[in-house]
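Descriptive structure summary
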Amino acid sequence: MNLSVIGAGTMGNGIAHVFAQAGHDVTLVDLDHDRLGAARATIDKNLGRMVAKERITAEDQAATLDRLKAETDLVKGVANADLVVEAATENAELKARIFDQLDDAAPPTAILASNTSSISITQIAAATDRPEQVIGMHFFNPVPVMKLVEVVRGLATSDETYETVQTLAESLGKTPVEVNDAAGFVSNRVLMPMINEAIFCVQEGVATPEAVDTVMKLGMAHPMGPLTLADFIGLDVCLSIMEVLHRELGEDKYRPCPLLRKMVTAGRLGRKSGRGFYDYAA
């Protein structure tokens with residue numbers, strides 16, 4: 001398949017990586033030329049680690065990179081795509097604009113997928129004239145490592161579209177799980193309220209971030225605590241998802257913690273900014 005990925009950030013470069021490694025020709029599209037260069041360097045570095053661990057060969061690494069192209073022009077980047085995965089910022093208006101452009105630029109038979117972690121696939125599909133070919137393909141970070149892909153059906157998503165995406169996900173060595181369209185889907189509808197409640201525990205002085213994380217790791221067998229995970233995801237992303245849950249589901253239990261809002265306003269976004277609930281500057 002010819003695949004295009006829109007957005008060369010953390011998720012976009014990870015998705016492009018697994019597509020190319022699985023033998024597909026991939027075009028990674030981003031308006032920022034420097035970000036495309038950084039994405040390719042990240043993919044090369046991650047493939048190099050796999051070579052060092054003897055999971056792939058140096059020849060596999062070179063072949064994977066050869067299947068990866070970069071493009072700053074969206075129209076050119078999706079002109080020959082069989083399937084496009086959008087991995088832009090978690091913003092409904094931005095995604096609607098992108099899907100409107102994709103509907104015009106991609107071949108009529110192309111499937112348009114979104115890596116959104118919380119926004120309605122039905123809402124995204126409404127920006128196109130092909131809602132039956134729009135679907136959610138929600139990967140998890142780090143994409144080359146995590147096995148799950150939530151495959152999210154919009155109201156109009158066809159069985160043919162679902163089956164194509166399911167088969168593609170399986171060919172990547174992933175486990176696709178079918179989910180119907182609802183705010184946050186399954187993963188973030190369960191995960192984000194837990195993270196939000198952990199932040200309330202810190203705000204209310206119930207415990208320190210270290211104590212909250214230790215309780216969840218040792219008492220609940222979580223591989224990392226919820227506040228460490230929030231820093232890894234990005235506190236701005238956590239806030240965006242909580243806002244979607246609160247708005248769409250309308251219940252106070254999804255109200256974002258004021259401390260979360262305050263930290264995002266202050267620019268303390270977690271690992272990517274160097275500081276969140278923990279300090280990563282050292």
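All figures in this text were calculated on a predicted structure; none of them were measured in a lab.

**Section: the pairing of strand β6 (residues 134-138)**
Counting buried positions along β6 yields five of five residues, so the element is predominantly enclosed. The side-chain alternation of β6 yields two buried faces, one formed by Val134, Gly136 and His138 and the other by Ile135 and Met137. Note: strand β5 (residues 111-114) against β6, three bridges, orientation parallel. By the bridge assignment for β6, Leu112 is matched with Val134. Pairing between β6 and strand β7 (residues 148-153): four bridges, direction antiparallel. Of the residues in β7, the one forming a bridge with His138 is Glu150.

**Things to note about helix α5 (residues 92-105)**
Over its 14 residues, α5 extends 20 Å from the first C-alpha to the last, a length consistent with the 20 Å expected when each residue adds 1.5 Å. For α5, the full list of buried residues reads Lys95, Ile98, Phe99, Leu102, Asp103 and Ala105. Elements that come into contact with the buried residues of α5 comprise β1 (2-6), α4 (74-78), β4 (83-86), β5, α6 (121-125) and β6. A distance of 3.1 Å separates the backbone nitrogen of Glu93 from a side-chain oxygen at the start of α5, and that oxygen is part of Asn91.

**Quick word on the pattern of salt bridges**
The final tally for this structure, using the stated rule, is ten salt bridges. For the salt bridge of Arg153 with Asp159, the shortest nitrogen-to-oxygen distance reads 3.2 Å. Residue class for Arg153 comes out buried when judged on its relative accessible area of 16%. What makes Asp159 partly exposed here is its relative accessible area of 49%. Where Glu178 meets Arg153, a salt bridge forms, and the shortest distance between an N and an O atom there is 2.7 Å. Residue Glu178 is located in strand β8 (residues 175-180), and its partner Arg153 is located in strand β7; the two are separated by 25 residues in the primary sequence.

Here is what the cut-offs are and how they apply
Residues numbered from 1 in each chain as written. Predicted model: local features only at pLDDT ≥ 70, side-chain atom pairs only at ≥ 80, totals over all residues. Heavy atoms only, no water. Buried < 20%, exposed > 50% of the residue type's maximum accessible area, 1.4 Å probe, protein only. Helix = DSSP H or I, 4+ residues; strand = E, 2+ residues; numbered from the N terminus. Pairing = 2+ DSSP bridges. Expected span 1.5 Å × (residues − 1). Contact = heavy atoms within 4.5 Å. Polar contact = N/O pair within 3.5 Å; in protein donor to acceptor, adjacent residues only side chain to side chain. Salt bridge = Lys/Arg side-chain N within 4 Å of Asp/Glu carboxyl O.

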